[in-house]
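Letter by letter, the chains look like this.
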Amino acid sequence: MLKSNINYLEPELMDVVRLFSGAETLEIQHTFTQGHMLRNTFCIDGCEYVYEDAHESAGIQKSDIKRASKLALYRLLSGRFQKTLPWGSLTGIRPTRLAYQQLESGAAFEPFFQKLGVSEENTELVSRVIAGQKDIYEKREGNVDLYVSLPFCPSKCVYCSFITAPVSATRKYIPDYLNALKKELAAAEPLLKNLRSVYVGGGTPFALEAEELECVLQAIAPLRQNGCEYTVEAGRPDAFSREKLDLCRKYGVTRLCINAQSFSDETLGVIGRKHTAEQIYKAFEMTKPYGFVINCDLIAGLTGESAESFFHSVDSAIALAPENITVHTLCLKKGAKLKEETSELADGALAEMIAYSRRALTQAGYEPYYLYRQKYMAGAHENVGWTKSGHASVYNIDVMEECADNLAVGANAITKKLYLSEGRIERLGSPKDIPTYLEKVEKVIADKNKLFLS
């Protein structure tokens, strides 16, 4: 338990506590005071620890107070548990945002990251990501990306915390869901000023029957008249068919995701996937003639998977030569079955997996172009998207860097409106479960119109 004399600091400091296994059992009393120094005092087991940080009081911001307090607690816990973490005291989702803020102020970000305890390797990773975004990253009023949510899957993976359920249990909702999506998409047309990209995600969009998928693609077609990037997160290899691939080509899809996760049949069975490694190869073979830019997803840290098995997955994905490979670190969120059943992978093994993926992908000609982090991520690592030259995804960069509006339709879809001159973002979430979304779709449409047109 942690208590602070500044209420808004408690959740920020707890994010740091959760980074250290065993720290959540500690009774921590925190006191923050501000003068010519930012003074953080922590009391644990009757011992007092004081950290002071010089700061110009005239320009002090709440974000500076949070950062200094989290860094002080990180230093304390790092010493107590004899452990350093790859991202130091950073707990936010977007490390690159902090780097961009430093660069936009005219300062180098590397010394700032060093102060926060970020490893040299991860500081270099951020530098490479920013370099990989330079031809796409753009902050401009009116830029917008369209996201379409299809929360249907062949089965639910044990690590998944999304609202998806096996399509066999949700199929009764599909006709009404498609009608609701068509209403939302039709209403979205006047809100899409400068459309940068379209992303159809899930779930597993290919879990729909071909005629159901076509219904969605038809509804999107009038909104995408500028030929912008168009991604369908097709999903699991066992859901692929030539009929669905033909539809994607017919409606101008430019990018497709094959979510392999692992090339180990044993691992796939453990995590609840209903496909084999052989089906991954068949999906690639089936898709190759269509000329889509392909992304292949992998996850490091899956239950029971050895470092060697993960190395094999990385090597197998590289051998298939997709334009993009995304390496996720296992994240155990509330609502995921696996969160209650698994023990944390040894930090050393997971770090070895991440390091291998970086070396192997770099040697194979891939460069990192976006990264993000999540709470409860194994080993406090990150997710990284890697790309061959010229194939970085506009949508992924825009969403991860929050540099464009995101108009999201469907259940559990999060719309974001940027107010760049004010430095703020307004978020509007649709109902998470499908029945509630269907009941409230008219209100969802009205709320988006108000957000974008007022």
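Reference entry: report on the structure contained in this document. Source: prediction; values computed, not measured. All residue numbers refer to positions counted from 1 along the written sequence of the respective chain. Per-residue local features are limited, in this predicted model, to residues with pLDDT of at least 70; the limit for side-chain atom pairs, both in listing and counting, is 80 or more; totals at the level of whole chains, interfaces and linings are taken over all residues. As a convention, hydrogens and water are excluded, and side-chain values are obtained from all of the structure's heavy atoms.

**Here we look at the overall build of the protein**
- Under the DSSP-based scheme used, a helix requires at least four consecutive residues in state H or I and a strand at least two consecutive residues in state E, with every element numbered from the N terminus. Helix and strand content of the protein: 15 helices and 17 strands.
- By the compact-globule yardstick of 22 Å for 454 residues, the protein fits well, its C-alpha radius of gyration being 23 Å.
- Viewed in the frame of its principal axes, the protein has a C-alpha envelope of about 65 × 55 × 40 Å.
- Looking at the protein residue by residue over its 454 residues, the buried ones come to 56%. Only C-alpha atoms enter the radius of gyration; for comparison, a globular chain is expected to reach 2.2 Å times N to the power 0.38, where N is the number of residues. In this scheme, a residue with accessible area under 20% of its type's maximum is buried, one over 50% is exposed, and one in between is partly exposed, where area comes from a 1.4 Å probe on protein chains only.

**Some remarks on the nonpolar core**
- Formed by 114 residues in total, the largest nonpolar core has its most connected members in Phe113, Leu146, Val148, Phe206, Val232, Phe240 and Leu256.
- Any pair of residues with heavy atoms lying within 4.5 Å of one another is described as a contacting pair. Here Val232 is in contact with Val200, Pro205, Phe206, Leu217, Cys248, Val253, Arg255, Leu256 and Cys257, once residues within four sequence places are set aside. Residues belong to a common nonpolar core when they are buried Ala, Val, Leu, Ile, Met, Phe, Trp, Tyr or Cys residues joined through side-chain atoms within 4.5 Å.

**Considerations on helix H7 (residues 174-188)**
- Given the number of residues in a helix, its expected span is that number minus one, multiplied by 1.5 Å. Between its first and last C-alpha atoms H7 spans 21 Å; for 15 residues at 1.5 Å apiece the expected length is 21 Å, and the two agree.
- Of the positions making up H7, those classed as buried are Ile174, Tyr177, Leu178, Ala180, Leu181, Glu184, Leu185 and Ala188. Burial along H7 is one-sided: seen end-on, the buried residues are contained in an arc of 160°. In this description, one arc is meant: the one made by directions from the helix axis to the C-beta atoms.

**Overview of the pattern of salt bridges**
- A pairing counts as a salt bridge when a side-chain nitrogen of Lys or Arg comes within 4 Å of a carboxyl oxygen of Asp or Glu. A complete count under the given rule lists 27 salt bridges for this structure.
- Of the charged contacts, one joins Arg39 and Glu52 as a salt bridge, the two residues approaching to 2.7 Å between their closest N and O atoms. Taken as a pair, Arg39 in strand E3 (residues 37-44) and Glu52 in strand E4 (residues 47-54) lie far apart in primary sequence, 13 residues in all.
- With its nearest N and O atoms 3.7 Å apart, the salt bridge here joins Glu138 to Arg196. Of the two residues, Glu138 is situated in the loop between helix H5 (120-133) and strand E5 (143-149) and Arg196 in strand E8 (residues 194-201); the sequence distance between them amounts to 58 residues.
- The class for Arg196 is buried, based on a relative accessible area of 16%.
- One connected set of salt bridges, linked through shared partners, spans Arg94, Arg97, Glu402, Lys416 and Arg427.

**Concerning the sheet that holds E3**
- Criterion used throughout: strands pair if DSSP finds at least two bridges between them. Ordered by their spatial adjacency, four strands build an open sheet running E1-E2-E3-E4, and the pairing between neighbours is mixed. In the strand order of this sheet, the two ends are held by strand E1 (2-4) and E4, each with one partner. Each strand of the sheet is rotated relative to its neighbour by a mean of 20°, with strand direction disregarded.
- The pairing of E1 with strand E2 (residues 28-34) spans three bridges and is parallel. The convention used is that axes are lines fitted to C-alpha atoms, helices contributing only their stretch in contact, and that angles between N-to-C directions extend from 0 to 180 degrees.

**A word on the pairing of E2**
- The handedness rule is simple: strands pointing away from the viewer, and a clockwise path from the first strand over the helix to the second, make the crossover right-handed. A crossover connection joins E1 to the parallel E2 through helix H1 (residues 9-17); in handedness this β-α-β unit is left-handed.
- Of the strand pairs in this sheet, E2 and E3 are connected by seven bridges, and their pairing is antiparallel. For Ile28, the partnering residue across the bridge sits in E3 and is Ile44.
- Counting the residues between successive antiparallel strands, the hairpin from E2 to E3 contains two residues.

**Side note on the environment of Met377**
- Relative to the helices and strands, Met377 is located in the loop between strand E13 (367-372) and strand E14 (383-387).
- The buried category is assigned to Met377, whose relative accessible area is 9%.
- Along the chain, Met377 and His328 lie 49 residues apart, while their C-alpha atoms are 9.6 Å from each other.
- Leave out the neighbours within four places in its chain, and Met377 touches Thr329, Leu330, Cys331, Glu382 and Asn383.

**Points about the packing of aromatic side chains**
- Centre distance within 6.5 Å is the pairing criterion for rings of Phe, Tyr and Trp, where only the six-membered ring of Trp is used; planes under 30 degrees apart are then read as stacked, over 60 as edge-to-face, and the remainder as tilted. Inspection of the entire model under this criterion finds 17 aromatic pairs.
- Each ring, one from Tyr370 and one from Tyr372, has its centre 6.3 Å from the other, and the planes form 5°; the classification is stacked.
- What makes Tyr372 buried here is its relative accessible area of 14%.
- In this structure, Arg424 is placed above the aromatic ring of Tyr419, and the distance from its NZ or CZ to the ring centre is 4.1 Å. Two conditions define a charge located above a ring, namely a distance within 6 Å from the ring centre to NZ of Lys or CZ of Arg, and an angle within 35 degrees of the ring normal.

Purely geometric numbers; function is a separate question.
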